[in-house]
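Spelled out from the first residue to the last, the chains are:
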Amino acid sequence: MSKKSKEKDEAMASSEGFNLDGILSELGSFGKYQLLLLVLLAFRDSFLAMCNFNFVFTAAEVNHRCLVPECEPLDSRFNASWTGFILNDPRTCQRPESLREWNSSAPDNFTSLLASSEFCLSRRFVSNKTVACQELVYENYNSIVAEFNLGCEPWKRTMIGTVHNLGLVFSFLLSGFISDRYGRKVVIVATPLAVGVAGLMKSFSTNYWMLLILEFLETALGYGNASLVLSLETVSQKRRVIFSCIADMMSSFGSAFFGLIAWKVPYWRHLMRAIYAPLLVVVFYIFLVDEGVRWLLAHNKKDEAVRVLNKVAKINKITLSSKAKEMLHSITEQRSKADEAGQHSPEKPHLASVLRSKKMLLRVALIAGCFFCGMFVYNGAIINSTTISGDKYLNLSVLLLVAVPTRIITALTLTRFGRKAPICVAYCLCATFFIVSAVVPKSWACASVMLYVFGQMCTNYGLFSISVVALEVFPTTARNSLTNIANTVGRVGSVLAPQVPLLEQYLSGMPSIVFGIVSLCSAMLTLLLPDTSRAALPDFVAEAEKIGEEEQTEDEEAAEQINTISRSVQQAVDKTFIGVIDKENPR
């Protein structure tokens, strides 16, 4: 892009951005239109969040034991009394070998012996020799693990979560491209429908591999963060963090009911149908949700942008000022003149041209690193929550519900103290809470759970704040694409997260220690990002590149002032020192 065209784009962007921000301020941030949008996005995102973590319960580990033919006729229940002296550790997939001599003796009365307690005695088994289980008995059959007999193949259970998060890698990349090219509304409507259809099909899976394929297709075709993008672009600069925090609070409150639904509907097929079916309602959003005004203006769809702004004013019962009306009229007039003159719409900037900027590439890399660490800790902590002390349904609901008070803190701190310092502090606290929760004695179960919850609050704060920063540092023309490229790389963290609970087998509390160490990495990467708290949302690359320059200039000025003061002090000390020497040694 030439320097002249850059300046032209920059001038156009600042002009339109300034006026648009003024109109958005006049339209208000919490009128009837915005409240309806919040409710619609909250409904959509609540059920998407439930579906996103469905495998926490549907693929939950189930207690199991070996089937022992010699003892089952006596009592076939999972926790039969004989299991205590026959099976030393019911969780293993090995059982003691029975004495062949006893099995081969007295064939005529074998059936009667089998039904007697005499046959099921520890002395009838070789204690120091084990054989692999031929069949398993499960405590309950509500999980995929029990229905598809995965008890002795734990990697298949965790693979469901890994494949789920691997699909998200493709999902965010695809949804980002579609959102920036075809609009936010397309993604907001299409992705929940894809998730809902794939999820319902998944509930009818006849085997493990069919379920795994549908798990990948569900996440690869659905999800994305278009709701957060739209909420940030809907209101003025001063209200964008508060508005997006309220939207996320409402969806978090809704998703917290997942624990209650899973408790009341424990069977995995029924649970899937209960949380996936409501997403089909989102098809009516075609008539209820409007395209983002910033996206419309950035793509030269000015008539549609004016229509949406007038609609907001009408629903909110707000009369725009004469200056705002002139601006809307001038936009429409400019478009009409361009059409009459036969001028074509300006060519949409390609993603490759945006990525030619070294600053954009560096920001993508830094935010990708922050997303990797944040998603690894956030997803891993939620998945691992079913293994910590307490009720697994309540644990998950609490971890999802902590986003509500966390968003209140986010709204207050990000607007008052900037972006970098609060995020860095949050991740440092996160590391402290997780590591301490791992070393707390097991007898202090309540304290351990509380520390774990506080750690999740901090990583929830950090991940959401990084998402806000990511959307603020990239231009409108490629905002969702660049954010989702970074998000896609970061999703590798969530792909690895389901495997973390396996570390508990080697050392108690090891998953929490790993979460703490990775959180410190996030804190260090955050320090390298620009502070976007005072910057308007950029529409073009030239405008986005300027974000952080003021901060850098202020730092340079501060450093220069410090150097000036240091030189002045040094000169004063030198003069004083020389004066003392001259007095002591007069010529």
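Preceding this section is the structure that the text describes.
Residues numbered from 1 in each chain as written. Predicted model: local features only at pLDDT ≥ 70, side-chain atom pairs only at ≥ 80, totals over all residues. Heavy atoms only, no water.

Q: Would you mind going over a nonpolar patch on the surface with me for this structure?
A: On the surface, Phe43, Val281, Val283, Phe284, Ile286, Phe287 and Leu288 cluster together to form a nonpolar patch covering roughly 640 Å² of accessible area. Here the element with the most residues in the nonpolar patch is helix H15 (residues 285–288); it accounts for 3 residues. For Val281, a relative accessible area of 41% translates into the label partly exposed. (Patch = residues over 30% accessible without salt bridge, like charges linked within 9 Å, V, L, I, M, F, W, Y side chains within 5 Å. Areas by Shrake-Rupley, 256 points an atom, 1.4 Å probe, with all protein chains shown as cover. Salt bridge = Lys/Arg side-chain N within 4 Å of Asp/Glu carboxyl O. Helix = DSSP H or I, 4+ residues; strand = E, 2+ residues; numbered from the N terminus. Buried < 20%, exposed > 50% of the residue type's maximum accessible area, 1.4 Å probe, protein only.)

Q: Is there a simple way to explain the state of the cysteines in this structure?
A: Chemically, a disulfide is nothing more than a covalent bond linking the sulfur atoms of two cysteines. One pass over the full model with this rule turns up 2 disulfides. With a sulfur-sulfur separation of 1.4 Å, Cys66 is cross-linked through a disulfide to Cys133. Separated by 67 residues along the polypeptide, Cys66 in strand E1 (residues 64–66) and Cys133 in the loop between strand E3 (125–132) and strand E4 (136–138) bring together distant segments of the chain. Just as Cys66 is buried, Cys133 falls in that class too. Note on cysteine connectivity: Cys93 is disulfide-linked to Cys152, with sulfurs 2.0 Å apart. Negative torsions about the S-S bond denote left-handed disulfides, and the value of about -110° found for Cys93 with Cys152 makes this one left-handed. Taken as a pair, Cys93 in the loop between helix H4 (83–86) and strand E2 (94–98) and Cys152 in the loop between helix H7 (144–147) and helix H8 (154–182) lie far apart in primary sequence, 59 residues in all. In this structure Cys152 comes out as partly exposed when scored by relative accessible area, which is 35%. Not part of a disulfide, Cys373 finds its nearest cysteine sulfur in Cys521, a span of 5.1 Å. What makes Cys373 buried here is its relative accessible area of 8%. Judged by its relative accessible area of 32%, Cys521 falls in the partly exposed class. (Disulfide = S-S within 2.5 Å.)

Q: What should I look at first to understand the side chain of Ser251 in this one?
A: Following the sequence through the fold, Ser251 ends up in helix H12 (residues 240–255). Classification of Ser251 as buried rests on a relative accessible area of 8%. Only 2.9 Å separates the side chain of Ser251 from the backbone oxygen of Asp248, close enough to count as a polar contact. Dropping the residues within four chain positions of it, Ser251 is found in contact with Ala42, Asp45 and Ser46. (Polar contact = N/O pair within 3.5 Å; in protein donor to acceptor, adjacent residues only side chain to side chain. Contact = heavy atoms within 4.5 Å.)

Q: Would you take a moment to explain the nonpolar core for this structure?
A: Nonpolar side chains in soluble globular proteins tend to end up buried together. Counting 69 residues, the largest nonpolar core has Ile144, Ile160, Phe258, Ile367, Phe371 and Leu482 as the members making the most contacts within it. Of all the elements, helix H20 (residues 358–384) adds the most residues to this core, at 11 residues. Those residues in contact with Phe258 that lie beyond four places of it in its chain are Met50, Phe53, Asn54, Phe57, Leu271, Ile275 and Leu396. Listed in part, the 19 residues of the second largest apolar core include Leu27, Leu297, Val306 and Met327. (Core = buried A, V, L, I, M, F, W, Y, C linked by side-chain atoms within 4.5 Å.)

Q: How should I be thinking about the side chain of Asn52 in this particular structure?
A: Relative to the assigned elements, Asn52 resides in helix H2 (residues 32–52). Leaving out residues up to four positions away in the same chain, Asn52 has contacts with His164, Leu168 and Tyr223.

Q: What exactly am I supposed to notice about the pattern of salt bridges here?
A: Should the charged atoms of two oppositely charged side chains come close, the side chains can pair. Scanning the entire structure with this criterion turns up 11 salt bridges. Arg44 serves as the salt-bridge partner of Asp45, at 2.7 Å between the closest nitrogen and oxygen. Put simply, Glu472 and Arg419 hold a salt bridge, and the shortest N to O gap is 2.9 Å. Taken together, the residues Glu472 in helix H24 (residues 445–473) and Arg419 in the loop between helix H22 (403–416) and helix H23 (420–439) connect sequence positions 53 residues apart. Side by side, Glu472 and Arg419 carry an identical accessibility label, which is buried.

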